[in-house]
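Next come the chains, spelled out residue by residue.
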Number of protein chains: 2
Amino acid sequence: MAQEIPNNIFCQHDHRGCRATAMRGARAACRAANLRLTPMRARVLEILLESHKALGAYDILARLRAEGRSSQPPIVYRALDFLVSNGFAHRLERLNAFAACAHAEDRHQPMFLICESCHQVAEAPLDRLGQDIFARATKLGFQARSPVVEVSGLCPACQGDGEQ
Amino acid sequence: MAQEIPNNIFCQHDHRGCRATAMRGARAACRAANLRLTPMRARVLEILLESHKALGAYDILARLRAEGRSSQPPIVYRALDFLVSNGFAHRLERLNAFAACAHAEDRHQPMFLICESCHQVAEAPLDRLGQDIFARATKLGFQARSPVVEVSGLCPACQGDGEQ
DNA sequence: GGGGGTATGTTATAAAATAACAATAGGGGG
DNA sequence: CCCCCTATTGTTATTTTATAACATACCCCC
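Residues numbered from 1 in each chain as written. Chains lettered and ligands numbered in written order. Predicted model: local features only at pLDDT ≥ 70, side-chain atom pairs only at ≥ 80, totals over all residues. Heavy atoms only, no water.

> Sorry if this is basic, but what is going on with the overall build of chain A here?
Of regular secondary structure, chain A possesses 5 helices and 5 strands. Starting at the N terminus and ending at the C terminus, chain A contains elements arranged as α-α-α-α-β-β-β-β-α-β. Against the globule reference of 15 Å for 164 residues, chain A gives a C-alpha radius of gyration of 17 Å, in line with a compact fold. Counting only C-alpha atoms, chain A reaches 50 × 45 × 30 Å along its principal axes. Residues classed as buried in chain A amount to 47% of the 164 residues present. For chain A, long-range pairs separated by at least 24 residues make up 51% of all intrachain contacts whose partners lie at least 6 apart in sequence. Each charge class in chain A was averaged separately, 20 positive and 17 negative side chains, and the resulting centres sit 9 Å apart. (Helix = DSSP H or I, 4+ residues; strand = E, 2+ residues; numbered from the N terminus. Rg over C-alpha atoms; globule rule 2.2 N^0.38 Å. Buried < 20%, exposed > 50% of the residue type's maximum accessible area, 1.4 Å probe, protein only. Contact = heavy atoms within 4.5 Å. Lys, Arg positive; Asp, Glu negative; His and termini not counted. Charge placed at Lys NZ, Arg CZ, Asp CG, Glu CD.)

Here it is, written out as structure tokens:
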């Protein structure tokens, strides 16, 4: 069923398994690195994993509140800080929003494809492009640390729709 | 005096001339394209051109107010919208800030080098990297429209400073 | 079972952006 | 010249995103 486009969440896939794998991976990684995936942090990650859309911090906050946890912005931002700094989630700069990491298991530089129509976000490895960006920066005398690559456009499913 | 690193504003350069050229270019481009570079828009562009740092909308607002123009956020945002959509300025997504365009004369895809120490922002042409990003997106079935590439790091002058 | 570090809870506020509507300015056609 | 149309600027209020500062609770280790 899943199309043969690697690393692309736009295609049909077993999302339940996708979520479960990610959560298991995160738990394992935390155990290995002696990080504490507390209930709060785990819950925020689960919420991010529910879809491949990016969520604003206040969207997550609303979800937590709907679940009865009294919650305030700093709580969400702190959980997100944890998830982002340990590679379990990413911040999308163009959207001021966050998405679960699709490949937390390997250390990678991500590149994001953001569908302007359905708002899904796919993460692809930057690979050689990242090296090329570093090389270009170096040639300009700049010591690059962290590159952000975010591409807006239309995902496979939304192309041809009259831009709904 | 200016080093031989092309398209790089980090090196010493005649900034007065840099500014004047950019303003002249913008005026000419507006005349050619029948766009109105009104006093307000021109002033905002001048403010952006005063340095190669990115300015937040509210920094610009404060400048305008200091000059006696009564001004409110929408005025600044509208001027910035004009400048950005016509290629005279860019928005830096990572910084929620704006910088004058260094190469408004040619239509290009920009890449930004952001110094974490002195906060100067250099704009380099994305060139082939942009095409590579498009190609990668296409291979994943994604129809790319606008790529954002922003690299944080250290500019030539700030490397070796113990990170001040 | 007390102490120190980490995490969460709470209040308040800062920073960035936009909605909605009013007033005004410029520019072509009568 | 004047009127109308449109683009721009002005103003008020509000929304959205993010953080500062400090209190409380939790947990592991000794």
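> Explain the protein's contact with DNA strand D here, please?
By nearness alone, 16 residues border DNA strand D, and Tyr58 and Arg91 of chain A together with Thr38, Ser70 and Arg78 of chain B come closest of all. Expressed as a percentage, the sugar and phosphate content of the atoms of DNA strand D within 4 Å of the protein is 46%. In this structure, Arg91 of chain A approaches DNA strand D through a side-chain N or O atom, which is 2.5 Å from a phosphate oxygen. Taking Arg78 of chain B, its side chain carries an N or O atom lying 2.5 Å from a base nitrogen of DNA strand D. Looking at the surface near DNA strand D, the elements that each hand over two or more residues are α4 (73–85) of chain A together with α2 (39–49) and α4 (73–85) of chain B. Residues that form the surface near DNA strand D fall into these classes: 7 nonpolar, 4 polar and 5 charged. (Near = heavy atom within 4 Å. Polar contact = N/O pair within 3.5 Å; in protein donor to acceptor, adjacent residues only side chain to side chain. Nonpolar A, V, L, I, M, F, W, Y, C, P; charged D, E, K, R; others polar.)

> Got a minute to help me understand the relation of the copies chain A and chain B in this structure?
In this arrangement, two copies of a chain are superimposed by a rotation about an axis accompanied by a shift along the axis. Overlay of chain A on chain B (RMSD 0.0 Å): rotation 180 degrees, translation along the axis 0.0 Å. The two molecules are tied by a two-fold rotation axis, judged by turn and shift. Relative to the rotation axis, the closest C-alpha in chain A is found at Val149 of chain A, a distance of 2.4 Å. Interface overlap between copies: 100% of the residues of chain A at the interface are likewise at the interface in chain B, consistent with a symmetric, same-surface contact. (Least-squares fit on C-alpha atoms with pLDDT ≥ 70 in both.)

> Explain the sheet that holds strand β3 (residues 110–115) of chain A here, please?
In any sheet, the strands associate via hydrogen bonds between backbone groups, in a parallel or an antiparallel arrangement. Across the sheet, 6 strands lie side by side as β4(A)-β3(A)-β5(A)-β5(B)-β3(B)-β4(B); this open sheet has mixed pairing. Unpaired on one side and paired on the other, β4 (121–125) of chain A together with β4 (121–125) of chain B mark the two borders of the sheet. Strand after strand, the sheet turns through a mean of 25 degrees between neighbouring axes, direction not considered. Strand direction decides the pairing type here: β3 of chain A and strand β5 (residues 143–154) of chain A, joined by 4 bridges, are parallel. (Pairing = 2+ DSSP bridges. Axes fitted to C-alpha atoms, helices over the stretch in contact; angles between N-to-C directions.)

> Help me out: how do you make sense of the pattern of salt bridges in this one?
Where charged atoms from two side chains of opposite charge come close, those side chains can pair. Residue and element names in this part refer to chain A. All told, the structure shown has 16 salt bridges over all chains when counted by the stated rule. Across the pair Glu67 and Arg43 runs a salt bridge whose closest N-O atoms are separated by 2.6 Å. Of the two residues, Glu67 sits in the loop between α3 (57–66) and α4 while Arg43 sits in helix α2 (residues 39–49), which places them 24 residues apart along the sequence. Take Glu67: its relative accessible area is 35%, and that puts it in the partly exposed class. A salt bridge links Asp132 to Arg128; its shortest N-O distance comes to 2.8 Å. Of the two residues, Asp132 and Arg128 both sit in helix α5 (residues 127–139), 4 residues apart, roughly one turn of that helix. Salt bridges linked by common partners bring Arg43, Glu46, Glu50, Arg63 and Glu67 together as one network. (Salt bridge = Lys/Arg side-chain N within 4 Å of Asp/Glu carboxyl O.)

> Sorry if this is basic, but what is going on with α4 of chain A here?
One turn of an α-helix holds 3.6 residues; hence residues three or four places apart share an orientation. Residue and element names in this part refer to chain A. The terminal C-alpha atoms of α4, which comprises 13 residues, lie 18 Å apart, in line with the 18 Å expected from a rise of 1.5 Å per residue. All of the buried residues along α4 are Pro73, Val76, Ala79, Leu80, Phe82 and Leu83. Elements that come into contact with the buried residues of α4 comprise α1 (15–33), α2, α3, β1 (89–92) and β2 (97–100). With its phi angle positive at about 85 degrees, Gly87 sits one or two positions after the end of α4. (Expected span 1.5 Å × (residues − 1).)

> What should I look at first to understand the side chain of His108 of chain A in this one?
All names here are of chain A. When you line up the elements, His108 lands in the loop between β2 and β3. From its side chain, His108 meets the backbone oxygen of His103 in a polar contact 3.4 Å long. Leave out the neighbours within four places in its chain, and His108 touches His90, Cys101, His103 and Glu123.

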